[in-house]
Amino acid sequence: MNIRTVNSIDALTELLQDGDVLINFTSEAIASLAPAVSISQDGRAGLIQGPAYPVDGNIDTKAVSNLVKDDQQLVVVTDGIDKSAEVVAQLFKHEVSHVVYVLDQVCAADDFMDEEDSEAVAERLRQLGYI
């Protein structure tokens, strides 16, 4: 299985190649020029030109594999590998060329506490006798 980590959706769109087909297991739509797998309300899989809307893990992988031609690669995008693990296993079973991109949840540690907050915490720890 080919699993890669990518920092953002923007970075992902730069990595897409001609012939890639997206299937989105994240919680948000992905704007891309690549065709995307879409699941209709009655559960049928199809390809659309436009944003890749989120799908859940309960999809017919055989139908999805039939959408991907021999010269195409299915790009599975997920924000947690557990969300797409069953689908990826089935794609491997059906011998569908695919790659999995896991969105790296970048920690915004700098946004968590600014300098003023850290000074207030340090002062409180001093008052309590920890520092």
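Residues numbered from 1 in each chain as written. Predicted model: local features only at pLDDT ≥ 70, side-chain atom pairs only at ≥ 80, totals over all residues. Heavy atoms only, no water.

Q: Provide a residue-level description of the pattern of salt bridges, including the pertinent values.
A: In the structure shown here, the tally under the stated rule is 2 salt bridges. For Arg44, the salt bridge is made with Asp42, and the minimal N-O distance between the two is 2.9 Å. When sorted by exposure, Arg44 lands in the same class as Asp42, which is exposed. (Salt bridge = Lys/Arg side-chain N within 4 Å of Asp/Glu carboxyl O. Buried < 20%, exposed > 50% of the residue type's maximum accessible area, 1.4 Å probe, protein only.)

Q: Break down the environment of Asp18 for me, with residues and values.
A: By secondary structure assignment, the location of Asp18 is in the loop between helix H1 (9-15) and strand E2 (20-25). Taking the C-alpha atoms as reference points, Asp18 and Ala34, separated by 16 residues in sequence, lie 7.6 Å from one another. (Helix = DSSP H or I, 4+ residues; strand = E, 2+ residues; numbered from the N terminus.)

Q: Run through the confidence of the model for the protein chain, naming residues and quoting values.
A: Predicted confidence across the protein chain gives a mean pLDDT of 84, with 91% of residues reaching 70 or more. Here helix H4 (residues 109-112) stands out as the element of the protein chain with the lowest mean pLDDT, 58, in contrast to E2, whose mean of 92 is the highest. (pLDDT = per-residue confidence, 0-100.)

Q: How would you sum up the nonpolar core? Please name residues and give values.
A: Ile23, Phe25, Val37, Ile59, Leu74 and Val76 are the most contacted members of the largest nonpolar core, which has 17 residues in total. Residue assignment for this core shows that the elements contributing at least two residues are E2, helix H2 (61-67), strand E5 (73-78), helix H3 (81-93) and strand E6 (98-103). Filtering out sequence-adjacent residues up to four positions away, Ile23 remains in contact with Val37, Val55, Ile59, Val64, Leu74, Val75, Val76 and Val77. (Core = buried A, V, L, I, M, F, W, Y, C linked by side-chain atoms within 4.5 Å. Contact = heavy atoms within 4.5 Å.)

Q: Report on the environment of Arg44, specifying residues and quantitative values.
A: As for its position among the elements, Arg44 is in the loop between strand E3 (36-39) and strand E4 (45-48). A C-alpha to C-alpha distance of 8.4 Å links Arg44 and Ile59, two positions 15 residues apart in sequence. Every residue in contact with Arg44, bar those within four places of it in the chain, is listed here: Ser38 and Ile39. A polar contact is formed between the side chain of Arg44 and the side chain of Asp42, at a distance of 2.9 Å. (Polar contact = N/O pair within 3.5 Å; in protein donor to acceptor, adjacent residues only side chain to side chain.)

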